[in-house]
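Below are the chains, spelled out letter by letter.
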Amino acid sequence: MTSSPTLEFCLALVSRIRTRRATLLVLFGIVSLFLVFIYTTTLEVADIVSAWLPSSFVSYVGAGKAKMKTCSPREYAHGRWVEQPFYTRPGPLSRSRSPHAAAGLPNAGSGVLEHAGPEKAQIRNLTRKEEIFNLTRFEGCASVQDYWWHFAVDQEVGWDRFPRALNWEWIPGGRCNDDLENDGGLREWDSVQVLQYLLDEGSWLMLGDSITENHYFSLSCLLYPHVTATPRLGEHFDRAWTQHMYLNPASPLLQNDSTTRPILRLPKGFDIAQTPLATYRRVDLLWSTDELAHMHRKLHPEFYRANGGFKLWGEEAVWTVSPHEYLNIFTQPLPEGNYGTMILSTAGHWTTGLFAGYQWGPSVDTGVKPVYGYDGLLTFFGEVMEMWAAKVQTHLDVVNERTASGGKMRYPPSGRPSGVSKRQVVVRAYLPGHDRCHNYRSAANQLPEIADSWNWARIPTYNDIFENALNKTEYPDIHFLPIDLPGRLRPDGHVRSDCLHIMTGVGVLEGWSHYIWHYLTRELSK
């Protein structure tokens, strides 16, 4: 048998290598050249694929240019507020560095009217409530709960804050600003695309206290006039009741005639009259009070041994339900439900006022001593959030039909009545308030010190505990988003009545919706 000239050359080359070190160097060189070839080929394939696939389908697990089109939660949060006059923004989330804003046009297909008329651009002082829509670039809002309170115009006290309170744009950090001309970085907010996403990939179930209700109200403004909401104006309402947002049948995005088709495509089984696009449910603690009392007695019997009359709860009001209740809502099939993402936040009501048993009290020396104060309450919080994550992920494993082997997913066929192929949970970091907030008249460029009012000084610790509890491979469908810093830099952005709730339109609440949508469509691997 005759050998090839190439093989003879290689054998001759190896025969001349007389040391082990030289042999290793040659092998290292060959392997390096092979890896460079693979890397270059991968980049070329990624470029070709990303060029013809829709941006929402591009995978960001590869290397090179595709990876540049990312904006992680921490990159988004580590940015800065820049003062931009309200009349320079065509829409509530227009970005000055985006091609849409540079052209002075609304976001493509957004359905948001341009509000940059010269006569409206000259507002210097607010004279009536309705002018707030020009300042915020909203056309209106679907939710009617505490309507003017959310905009901080329910009373004329504090109107001197306007328009400057609305003259700020959040510029995120890191790669969020990369390659915006080619749809890189933080993706551009587009209400039509958001609506279609909610239809295709599932509605948002928003759980939490009144800060989450803040967020829900803002979302109803971002999607107006294409959505309606319940309860309606004049209807009796209790804060424990569920609020729903529906697709507006009168929206121009649904109209068609002999020459045009509706812009929005409804999934099979979707009923405009009863399938929500977003839902808010008041859940302060993520567990019911009975469940928490039972877990506390089991986890910390030392409190009950040390004090025979120990009571966990104080007299503060709280609205909260069992995970069993809201997980059942989350997995309702069409047409009653079509939820794909559960968005939640908690910490604000985890106080020693509500958990009054953690206030200092008499005790008997029985060996293991109870830990009172926030040190003890934070420990209990971490324990029950671990239990919460395990319970929720177990539920998601069932509804997502996750197999036991390798954690692989076997998604149901598209004809399944649920309409949603995969459900997931997003946990948003909780936001502390600012003492003496109404004395501020601008965004901050450094984080203000957190006052010890309520439990505000402990909120970052609650967030860290919850994030650490979720940062495990056992919880692949639960995602923690530390995007609280933009809100912490807006001491000037609170409602008139208190220094915790955020004013709709200042960009904080709207930024939460923007980034969560970006995260779900860009950061999570499909």
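Residues numbered from 1 in each chain as written. Predicted model: local features only at pLDDT ≥ 70, side-chain atom pairs only at ≥ 80, totals over all residues. Heavy atoms only, no water.

Enquirer: Please set out helix H8 (residues 191-201) residue by residue, giving values where relevant.
Expert: Burial of H8 is extensive: eight of the 11 residues sit out of reach of the surface. Along H8, the positions that sit buried rather than exposed are Ser-191, Val-192, Val-194, Leu-195, Gln-196, Tyr-197, Leu-198 and Leu-199. Measuring from the side-chain oxygen of the N-cap residue of H8 to the backbone nitrogen of Val-192 gives 3.0 Å; that N-cap residue is Asp-190. Trailing H8 by a residue or two, Gly-202 shows a phi angle of about 115°, which is positive. (Buried < 20%, exposed > 50% of the residue type's maximum accessible area, 1.4 Å probe, protein only. Helix = DSSP H or I, 4+ residues; strand = E, 2+ residues; numbered from the N terminus. Polar contact = N/O pair within 3.5 Å; in protein donor to acceptor, adjacent residues only side chain to side chain.)

Enquirer: Please provide a residue-by-residue account of unusual backbone geometry, values included.
Expert: Here the amide bond leading from Thr-230 into Pro-231 is cis, since omega sits at 0°, within 30 degrees of zero. Relative to the helices and strands, Pro-231 is located in the loop between strand E4 (227-230) and strand E5 (243-247). Pro-335 follows Leu-334 through a cis peptide bond whose omega is 5°. Tracing the backbone through its elements, the reader meets Pro-335 in the loop between helix H12 (323-330) and strand E7 (339-344). Here the phi dihedral of Arg-436 falls at roughly 55°; this positive angle occurs in a residue that is not glycine. Relative to the helices and strands, Arg-436 resides in the loop between strand E8 (424-428) and helix H14 (459-470).

Enquirer: Describe in detail the pairing of strand E2 (residues 168-171), supporting the description with residues and values.
Expert: Burial of the side chains of E2 extends over both faces: Trp-168 and Trp-170 are buried on one face and Glu-169 and Ile-171 on the other. Where strand E1 (residues 80-83) meets E2, four bridges bridge the pair, whose relative direction is antiparallel. The partner of Trp-81 across the bridge, within E2, is Trp-170. (Pairing = 2+ DSSP bridges.)

Enquirer: Account for the environment of Thr-275, naming residues and giving values.
Expert: Along the chain, the position of Thr-275 falls in the loop between E5 and strand E6 (278-282). Put simply, Thr-275 and Met-245 are 30 residues apart on the chain and 8.9 Å apart in space, counted from C-alpha to C-alpha. In contact with Thr-275, not counting residues within four places along its chain, are Tyr-246, Phe-270, Leu-334, Pro-335, Gly-337 and Asn-338. In terms of polar contacts, Thr-275 uses its side chain to reach the backbone carbonyl oxygen of Pro-335, at 2.5 Å. (Contact = heavy atoms within 4.5 Å.)

Enquirer: Pulling in residues and values, what's your account of the side chain of Ser-288?
Expert: Positionally, Ser-288 belongs in the loop between E6 and helix H10 (289-299). Apart from residues lying up to four places away in sequence, Ser-288 is in contact with Thr-320, Val-321 and Ser-322.

Enquirer: Got a sec to walk through the nonpolar core? Specific residues and values, please.
Expert: In this structure, Phe-162, Trp-350 and Trp-388 are the most contacted members of the largest nonpolar core, which totals 126 residues. Tallying contributions element by element places helix H13 (residues 373-399) first for this core, with 12 residues. Beyond its immediate sequence surroundings of up to four residues, Phe-162 is in contact with Arg-124, Leu-126, Ile-132, Leu-135, Phe-151, Ala-152, Val-153 and Met-503. (Core = buried A, V, L, I, M, F, W, Y, C linked by side-chain atoms within 4.5 Å.)

Enquirer: Tell me about the packing of aromatic side chains, and please be specific about residues and values.
Expert: The full count for this structure, using the stated rule, is 28 aromatic pairs. Ring geometry for Phe-86 against Tyr-87: centres 5.3 Å apart, planes inclined by 80°, an arrangement best described as edge-to-face. On the basis of relative accessibility, which here comes to 1%, the residue Phe-86 falls in the buried class. Given the relative accessible area of 32%, Tyr-87 is considered partly exposed. (Phe/Tyr/Trp six-rings, centres within 6.5 Å; stacked < 30°, edge-to-face > 60°.)

Enquirer: So what's going on with the pairing of strand E3 (residues 203-208)? Which residues, and what values?
Expert: Among the six residues of E3, six are classified as buried, and the element is accordingly described as predominantly covered. Residue alternation in E3 divides its side chains into two sets, Ser-203, Leu-205 and Leu-207 and Trp-204, Met-206 and Gly-208, and both sets are buried. One ladder, built from five bridges, connects E3 with E7; its direction is parallel. Bridge pairing in E7 places Leu-205 opposite Met-342.

Enquirer: Give a description of the packing of H12 against H13 that names residues and reports values.
Expert: Their axes nearest at 11 Å, the elements H12 and H13 cross at an angle of 30°. Viewed along their axes, H12 and H13 adopt a mutual orientation that is roughly parallel. Once H12 is placed against H13, the crossing between them reads as right-handed. The residues of H13 that touch H12, namely those facing Pro-323, His-324, Tyr-326, Leu-327 and Phe-330, are Trp-388, Lys-391, Val-392, His-395 and Leu-396. A class-by-class count of the residues in the contact of H12 with H13 yields seven nonpolar, two polar and one charged. (Axes fitted to C-alpha atoms, helices over the stretch in contact; angles between N-to-C directions. Parallel < 35°, antiparallel > 145°, perpendicular 65-115°, else oblique. Left-handed = near helix turned anticlockwise from the far one by under 90°. Nonpolar A, V, L, I, M, F, W, Y, C, P; charged D, E, K, R; others polar.)

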